[in-house]
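Residues per chain, in single letters:
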Amino acid sequence: MSNKENEFNHSIDKGFLYGLSQSLTIAIGYAPVAITFGILATQFGLTFWEAGLMSFFVYAGASQFIAIEMIHQGATPLMIGVTTLIVNIRHFLMSLSVVPFFPERSLLWSLGLAQGLTDESFVLNTKVLKDVEGEENRRRVMLGINSGAFVTWVSLTILGGLIGKWLPVQFSGFQFALLALFIILTTMSLSRKNYMTYLIAAVLAVVLKLLIPGKIYLIISVILAAGIGAWWRVRKGSHRVGLNSQKSS
C-alpha cells in the first residue's frame, strides 16, 4: 500500500469517534470540578436542574463559580453578565486561533463549534487537529472532542446538584477559593503591556467604591481603565511610528 493510501486511511479513521475518545482526558479533569459546582450551586440556592441549565447554556467553569457566588450575594444580572464577559474575553482570541482549521465553515458549524470551546478543549483541539487531514474530518474530530467534554460537564453538574440536595456536603473557605480564582485569572493575563491598565483599574475601584454606592463602581472602573489603557497604547504606538519615520528620513 502506498504512502498516500496510508495517509488517506489514517485521516478517515480520525472522525467523530476519534475525537470523542480524545475527550476522555478532559472528562477526567472535568469530573470533580463539575460535581463540586453542582453541589455548591444547590447550596447557594439553585435547584439541581437550574445548575444543569447554567452548565448547558453558559458552559464556562470559572465564570459559573463566580456567577453563583454573585447570585448568592445579590448582584444584579448586569454585574454578573459584565463579570462573565471580562473573565471569558480570552475565548475571543481562542476562537480566532481555531478558525484557520475550517476555511470553508458555515455559520451553523461556527456557532456549534464555538459553543464547545473552553480552555481545555481549545488546547486539545489545537493539538489534535494539526494531525487531521481534510476540513470535514477536522470538523468531526472537533465535534467529538467538544461533545464529550460538554456532556461530561453538564451531566456531572446535575449529579453534583443531586448530591448537594440529598447529602449534607459542606465546603469551608469557598469565598477564599473564589478570591484565589480571581487572582489566578488576573495573574495569568498580566504582561508588561497591560500591567498599567490593571493597576489603574485597581486604583479607580478603590476610589470609586468610596464615592459610589452599590457595586456599579466595578464596571465603571474596568471601563475607564480599559479606555485609558487603549488610548495610551495607541498614543505610544503613534509616537513610535513618528520616531521611526524621522530616523528613516
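Parameters at a glance
Residues numbered from 1 in each chain as written. Predicted model: local features only at pLDDT ≥ 70, side-chain atom pairs only at ≥ 80, totals over all residues. Heavy atoms only, no water. Helix = DSSP H or I, 4+ residues; strand = E, 2+ residues; numbered from the N terminus. Buried < 20%, exposed > 50% of the residue type's maximum accessible area, 1.4 Å probe, protein only. pLDDT = per-residue confidence, 0-100. Contact = heavy atoms within 4.5 Å. Phe/Tyr/Trp six-rings, centres within 6.5 Å; stacked < 30°, edge-to-face > 60°. Polar contact = N/O pair within 3.5 Å; in protein donor to acceptor, adjacent residues only side chain to side chain. Axes fitted to C-alpha atoms, helices over the stretch in contact; angles between N-to-C directions. Left-handed = near helix turned anticlockwise from the far one by under 90°. Nonpolar A, V, L, I, M, F, W, Y, C, P; charged D, E, K, R; others polar. Expected span 1.5 Å × (residues − 1). Arc of directions from axis to C-beta.

A.B. asks: Help me understand unusual backbone geometry in this model?
C.D. replies: For residues besides glycine, phi is generally negative; the peptide bonds are generally trans as well. Positioned with a positive phi, Tyr 59 is a non-glycine residue whose angle comes to about 50°. Mapped onto the elements of the fold, Tyr 59 is located in the loop between α4 (48–57) and α5 (61–72). Taking relative accessible area as the criterion, Tyr 59 reaches 5% and is therefore assigned buried.

A.B. asks: What should I look at first to understand the confidence of the model for the protein chain in this one?
C.D. replies: Detailed reading of predicted coordinates is not advised where the pLDDT is low. Looking at the protein chain, the pLDDT average stands at 80 and 79% of residues meet or exceed 70. Per-element averaging of pLDDT across the protein chain places helix α1 (residues 3–13) at the bottom with 47 and α4 at the top with 94. Note on residues 1–12: pLDDT is under 50 here. Beyond four places in sequence and across chains, it has five contacts.

A.B. asks: I would appreciate a short explanation of the packing of aromatic side chains in the present structure.
C.D. replies: Within a pair of aromatic rings, the relevant descriptors are the distance that separates the centres and the angle that separates the planes. Within the structure shown, the criterion is met by six aromatic pairs. Summarising the aromatic geometry, the rings of Tyr 30 and Trp 153 are spaced 5.4 Å apart at their centres and angled 70° between planes, so their arrangement reads as edge-to-face. Within this pair, whereas Tyr 30 is found in helix α3 (residues 24–43), its partner Trp 153 is found in helix α10 (residues 135–166), the two being separated by 123 residues in sequence. Looking at Trp 153, the relative accessible area reads 3%, which means it is buried. Here Phe 37 and Phe 65 contribute two aromatic rings whose centre-to-centre distance is 5.4 Å and whose plane-to-plane angle is 75°, an arrangement assigned as edge-to-face. Note that Phe 37 is positioned in helix α3 and Phe 65 in helix α5, a separation of 28 residues in sequence. By the burial criterion, Phe 37 is buried, and Phe 65 matches it. Through pairs of rings, three or more aromatic residues link up here, namely Tyr 30, Phe 37, Phe 65 and Trp 153.

A.B. asks: Help me out: how do you make sense of the environment of Asn 125 in this one?
C.D. replies: Within the element layout of this structure, Asn 125 appears in helix α9 (residues 119–128). For Asn 125, a relative accessible area of 0% gives the class buried. Excluding residues within four positions of it along the chain, Asn 125 makes contact with Met 142, Ile 145 and Asn 146. Only 2.8 Å separates the side chain of Asn 125 from the backbone oxygen of Ser 121, close enough to count as a polar contact.

A.B. asks: What's the story with the packing of α3 against α10 in this structure? I'm lost.
C.D. replies: Working note: a packed helix pair is described by the angle between its axes plus the distance between those axes. Orientation of α3 relative to α10, taken along the N-to-C sense of each, is 35°, at an axis distance of 6 Å. Remark: the crossing between α3 and α10 carries right-handed chirality. On the side of α3, the interface is formed by Ile 26, Ala 27, Tyr 30, Ala 31, Val 33, Ala 34, Ile 35, Phe 37, Gly 38, Ile 39 and Thr 42, while α10 contributes Ile 145, Ala 149, Thr 152, Trp 153, Leu 156, Thr 157, Leu 159, Gly 160, Gly 161, Ile 163, Gly 164 and Lys 165. For the contact of α3 with α10, the per-class residue count stands at 15 nonpolar, seven polar and one charged.

A.B. asks: Sorry, what's going on with helix α12 (residues 195–211) here?
C.D. replies: For an α-helix, the turn length of 3.6 residues means that residues three or four places apart are oriented alike. With 17 residues, α12 should reach 24 Å at 1.5 Å per residue; the first-to-last C-alpha distance of 25 Å fits that figure. Those residues of α12 not exposed but buried are Ala 201, Ala 205 and Leu 208. Along α12, the residues classed as buried sweep out an arc of 85° about the axis, all on the same side. Of the exposed residues in α12, the ones pointing more than 90 degrees away from its buried face are Val 206 and Leu 210.

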